[in-house]
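Listed below are the residues making up each chain.
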Amino acid sequence: EAVAAEWMLEFACSCLCRHFAEQSGAEFRRWRAVAQALINGLSQIPPHQKKTVYLCQLLIRIAEGKSLGVKFENDQRIPPLESALSFWTLLEREEMKLEKLHEDIRRLIQIQIVAVYMEKRYFKEAAEVLERLFTDSESDKPLRVKLATVIKTKDPYVPLLQSFSYSLLISKVKSYIDLFMKENETNFLIQEATKQVASMGLGATAWQNRPVEVNENDECDLETKQRFVLSIILLRDVLGQMQNCCLDVYSSLFWMYINCLLGLNNMQNVGKNGVSLACSRKRQRWTHQEDLELKSGVGEFGVGNWAKILAHGNFNNRTSVMLKDRWRTLSRIG
């Protein structure tokens with residue numbers, strides 16, 4: 001189970017990175033819960049997984065960076081970004097290259113810790129956090145002096161804060177994620193699933209990218225079906241061949257693993273026979289409220305950004321494909 005948990009943590013981290021980069025809020029929150037549960041289950045962090053754990057914790061905190069009411073530390077004064085900074089420090093210790101990117105991200109996190117307080121006009125708290133960030137009077141003195149001056153102006157729109165914005169921080173973190181993912185392309189679950197699909201006579205890449213007709217009558221999300229097939233192949237042909245493997249179809253860990261790969265909301269979405277119930281849901285009429293949510297989402301995010309619209313809207317068991325098809329229908333209606 002410990003080995004399987006390590007595989008799942010790697011997979012969860014990979015999903016977190018992808019959804020963070022895509023700014024897919026709902027999917028990110030789902031994988032955040034999975035990753036956090038796996039991390040909490042570790043009695044200690046294996047040396048080879050330190051970077052994985054630290055990166056998960058970093059992304060979780062940066063995603064909540066502007067939510068000062070969210071607390072990750074016992075010390076209630078610590079905002080999410082200050083907590084994120086501690087994990088960035090741990091990540092820096094795990095690798096000595098990328099010094100320029102490390103420095104850029106560290107500086108951006110420090111500036112944004114202060115900027116978030118400034119935006120909400122919590123100037124006293126901004127001054128207090130500055131003291132915590134630079135306990136050594138000589139550590140990065142120029143930046144400390146500049147931030148102290150900014151706080152005194154009580155202006156959240158000064159050039160320094162605008163130049164080192166939150167969006168720039170997100171962009172730099174995405175650059176780090178790209179490098180991390182390239183270094184960790186050997187994810188065991190992905191590797192083995194890919195081998196098994198290829199051994200069936202159809203290359204995994206070609207299989208995943210083959211053209212598929214999607215229309216209003218499609219009841220299943222294509223990505224969910226692909227994940228399901230990959231997970232079943234992997235579990236049957238890889239884990240089933242392992243000696244002394246404790247993963248069987250009656251194991252809670254088995255179904256937790258299936259759930260991770262599928263990315264479904266809860267265990268009830270997978271039946272005892274391993275068939276996704278998401279693929280068997282009945283068609284349901286679109287309500288007037290859902291149509292309004294869809295129109296509002298298109299107005300805010302634009303046509304084509306169905307994942308974002310789905311994540312921010314209030315829809316009843318819909319998929320991004322359903323949103324796209326419904327918008328096409330509404331456009332024809334006029």
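What counts and what doesn't
Residues numbered from 1 in each chain as written. Predicted model: local features only at pLDDT ≥ 70, side-chain atom pairs only at ≥ 80, totals over all residues. Heavy atoms only, no water. Helix = DSSP H or I, 4+ residues; strand = E, 2+ residues; numbered from the N terminus. Buried < 20%, exposed > 50% of the residue type's maximum accessible area, 1.4 Å probe, protein only. Areas by Shrake-Rupley, 256 points an atom, 1.4 Å probe, with all protein chains shown as cover. Polar contact = N/O pair within 3.5 Å; in protein donor to acceptor, adjacent residues only side chain to side chain. Contact = heavy atoms within 4.5 Å. Salt bridge = Lys/Arg side-chain N within 4 Å of Asp/Glu carboxyl O. Axes fitted to C-alpha atoms, helices over the stretch in contact; angles between N-to-C directions. Left-handed = near helix turned anticlockwise from the far one by under 90°. Phe/Tyr/Trp six-rings, centres within 6.5 Å; stacked < 30°, edge-to-face > 60°. Lys NZ or Arg CZ within 6 Å of the ring centre and 35° of its normal. Core = buried A, V, L, I, M, F, W, Y, C linked by side-chain atoms within 4.5 Å.

## A short note on the overall build of the protein
Next, step 1: Each helix and strand in the protein was counted, giving 16 helices and zero strands.
Next, step 2: Each of the 334 residues in the protein was classed as buried or not, and the buried ones make up 45%.
Next, step 3: Here the protein displays about 18400 Å² of accessible surface, and carbon together with sulfur accounts for 51% of that area.

## Some details on the side chain of Arg 318
Next, step 1: Inspection of the secondary structure assignment puts Arg 318 in the loop between helix 15 (306–312) and helix 16 (320–333).
Next, step 2: Judged by relative accessible area, which is 11%, Arg 318 ranks as buried.
Next, step 3: There is a polar contact of 3.1 Å between the side chain of Arg 318 and the backbone oxygen of Arg 285.
Next, step 4: Looking at Arg 318, its side chain comes within polar contact range of the side chain of Glu 290, at 3.0 Å.
Next, step 5: Excluding anything up to four places from it in sequence, Arg 318 contacts Gln 284, Arg 285, Trp 286, Glu 290, Leu 310 and Leu 323.

## Some thoughts on the pattern of salt bridges
Next, step 1: Inspection of the entire model under this criterion finds 12 salt bridges.
Next, step 2: Note that Asp 325 and Arg 328 form a salt bridge whose closest N and O atoms lie 2.8 Å from each other. Taken together, the residues span about one helical turn, with Asp 325 and Arg 328 both in helix 16 at a distance of three residues.
Next, step 3: Given the relative accessible area of 5%, Asp 325 is considered buried.
Next, step 4: Each of Lys 100, Asp 104 and Lys 172 takes part in one network of salt bridges that share partners.

## What about the packing of helix 1 (residues 2–21) against helix 3 (residues 50–63)?
Next, step 1: Where helix 1 contacts helix 3, the two axes come as close as 10 Å, and the packing angle between them is 35°. The interaxial crossing formed by helix 1 with helix 3 has left-handed handedness. Between helix 1 and helix 3, the contacting residues are Leu 9, Cys 13, Leu 16, Cys 17 and Phe 20 on the first element and Thr 52, Val 53, Leu 55, Cys 56, Leu 59, Ile 60, Ile 62 and Ala 63 on the second.

## Focus on the environment of Asp 291
Next, step 1: Within the secondary structure, Asp 291 sits in helix 14 (residues 288–301).
Next, step 2: Expressed as a C-alpha distance, the spacing of Asp 291 and Leu 323, which sit 32 residues apart in the sequence, is 9.4 Å.
Next, step 3: Apart from residues lying up to four places away in sequence, Asp 291 is in contact with Trp 286, Arg 326 and Leu 330.
Next, step 4: Of note is the side chain of Asp 291, whose polar atom sits 2.9 Å from the side chain of Arg 326.

## Here we look at the packing of aromatic side chains
Next, step 1: Under the criterion given, the structure shown has five aromatic pairs.
Next, step 2: Relative to Phe 87, the ring of Tyr 54 lies with its centre 6.3 Å away and its plane at 50°, an arrangement referred to as tilted. Taken together, the residues span a long stretch of sequence, with Tyr 54 in helix 3 and Phe 87 in helix 4 (residues 80–94) at a distance of 33 residues. Like Tyr 54, the residue Phe 87 is buried in the burial classification.
Next, step 3: An angle of 70° between the planes, with centres 6.2 Å apart, marks the rings of Trp 286 and Phe 315 as edge-to-face. Here Trp 286 is found in the loop between helix 13 (252–262) and helix 14, whereas its partner Phe 315 is found in the loop between helix 15 and helix 16, with 29 residues between them in sequence.
Next, step 4: A relative accessible area of 19% places Trp 286 in the buried class.
Next, step 5: On the accessibility criterion, Phe 315 (13% relative accessible area) is buried.
Next, step 6: Positioned above the aromatic ring of Trp 286 is the side chain of Arg 318, whose terminal nitrogen or guanidinium carbon lies 4.1 Å from the ring centre.

## Here's the deal with the nonpolar core
Next, step 1: Formed by 61 residues in total, the largest nonpolar core has its most connected members in Leu 55, Leu 58, Leu 59, Ile 62, Val 114 and Leu 147.
Next, step 2: Broken down by element, this core gets its largest block of residues, 11 residues, from helix 5 (residues 99–119).
Next, step 3: Discounting chain neighbours no more than four positions away, the residues touching Ile 62 are Phe 20, Leu 81, Ala 84, Tyr 166, Ile 170 and Val 173.

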